[in-house]
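Geometric and topological summary
If you want the building blocks of each chain, they are given just below.
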Amino acid sequence: MHFHHERLPLRTASPIEIIDITAEIRQVFEKNSVREGQVTIHSPHTTAFVALNERETMLQQDMLAFLSRLAPKSAGYGHDQAPIDGRENAHAHLIGLFMNASETIPVHHGELLLGRWQSIFFVELDGPRESRTLNIQISGVR
């Protein structure tokens with residue numbers, strides 16, 4: 001059994017941002033590929049997540065608008081009255097209740113089994129941030 005772990009550093013530029021990381025994940029996979037197994041992408045953050053969805057410009061704009069409406073910033077949340085790190089980010093934590101910290105993609109015959117329209121996204125809910133990280137773990141047989 002082969003295991004590989006790598007960290008992918010990211011920067012975000014907007015309060016809510018959706019970044020397509022499919023190419024970066026494929027690049028890590030191609031360097032450390034397995035024939036049968038899985039790739040897990042994990043966000044160690046409580047206000048940034050991983051999602052599989054379609055990459056289409058208008059849909060991504062719809063996603064950003066939806067996330068902004070789901071839990072509006074400055075809506076009087078208790079967490080914002082005494083934030084631990086000085087960031088009034090209760091809205092980001094609340095939106096995060098509906099998102100995934102990780103996604104696992106199966107590998108079969110040396111290929112990532114993403115659907116035809118699926119891309120892998122890093123979803124920032126509390127940006128901009130100078131430093132974010134994703135953990136990528138590849139496991140399986142070569």
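Residues numbered from 1 in each chain as written. Predicted model: local features only at pLDDT ≥ 70, side-chain atom pairs only at ≥ 80, totals over all residues. Heavy atoms only, no water.

Concerning the overall build of the chain
Along the chain, the regular secondary structure elements total 3 helices and 8 strands. In the chain, the succession of α and β elements from N to C terminus is β-β-α-β-β-α-α-β-β-β-β. Residue pairs at least 24 apart in sequence account for 84% of intrachain contacts in the chain once pairs closer than 6 positions are excluded. For the chain, the distance from the average site of its 13 positive side-chain charges to the average site of its 17 negative ones is 4 Å. (Helix = DSSP H or I, 4+ residues; strand = E, 2+ residues; numbered from the N terminus. Contact = heavy atoms within 4.5 Å. Lys, Arg positive; Asp, Glu negative; His and termini not counted. Charge placed at Lys NZ, Arg CZ, Asp CG, Glu CD.)

What to know about the environment of Arg87
Within the fold, Arg87 resides in the loop between α2 (57–70) and α3 (90–96). Given a relative accessible area of 25%, Arg87 falls into the partly exposed group. Note: C-alpha distance between Arg87 and Asp126 (39 residues apart in sequence) is 8.5 Å. Beyond its immediate stretch of four places on either side in the chain, Arg87 contacts Asp126, Gly127, Pro128 and Arg129. (Buried < 20%, exposed > 50% of the residue type's maximum accessible area, 1.4 Å probe, protein only.)

Focus on a nonpolar patch on the surface
A cluster of nonpolar side chains, namely Phe66, Leu70, Leu94, Leu97 and Phe98, defines an oily patch on the protein surface of about 530 Å² accessible area. Assignment of secondary structure puts Leu94 in helix α3. (Patch = residues over 30% accessible without salt bridge, like charges linked within 9 Å, V, L, I, M, F, W, Y side chains within 5 Å. Areas by Shrake-Rupley, 256 points an atom, 1.4 Å probe, with all protein chains shown as cover. Salt bridge = Lys/Arg side-chain N within 4 Å of Asp/Glu carboxyl O.)

Examining the sheet that holds strand β8 (residues 129–141)
The pairing of strands in a sheet comes from backbone hydrogen bonds and takes either a parallel or an antiparallel form. Here 5 strands make up an open sheet; going across it, the order is β1-β8-β3-β5-β6 and the pairing antiparallel. If you trace the sheet from one side to the other, it starts and ends with β1 (2–12) and β6 (111–112), each paired once. Pairing of strand β3 (residues 36–42) with β8 involves 7 bridges; the strand directions are antiparallel. Residue pairing across strands places Gln38 opposite Ser139, the latter belonging to β8. Across the sheet, helix α1 (residues 22–31) lies against β1, β3, β5 (102–108), β6 and β8, angled at about 155° from β1, the strand it touches most. (Pairing = 2+ DSSP bridges. Axes fitted to C-alpha atoms, helices over the stretch in contact; angles between N-to-C directions.)

Quick look at the environment of Leu94
Owing to a relative accessible area of 34%, Leu94 belongs among the partly exposed residues under this scheme. Taking C-alpha positions, Leu94 is 9.9 Å from Thr46, a pair spaced 48 residues apart along the chain. Residue contacts for Leu94: discarding those within four places in its chain leaves Ala71 and Tyr77.

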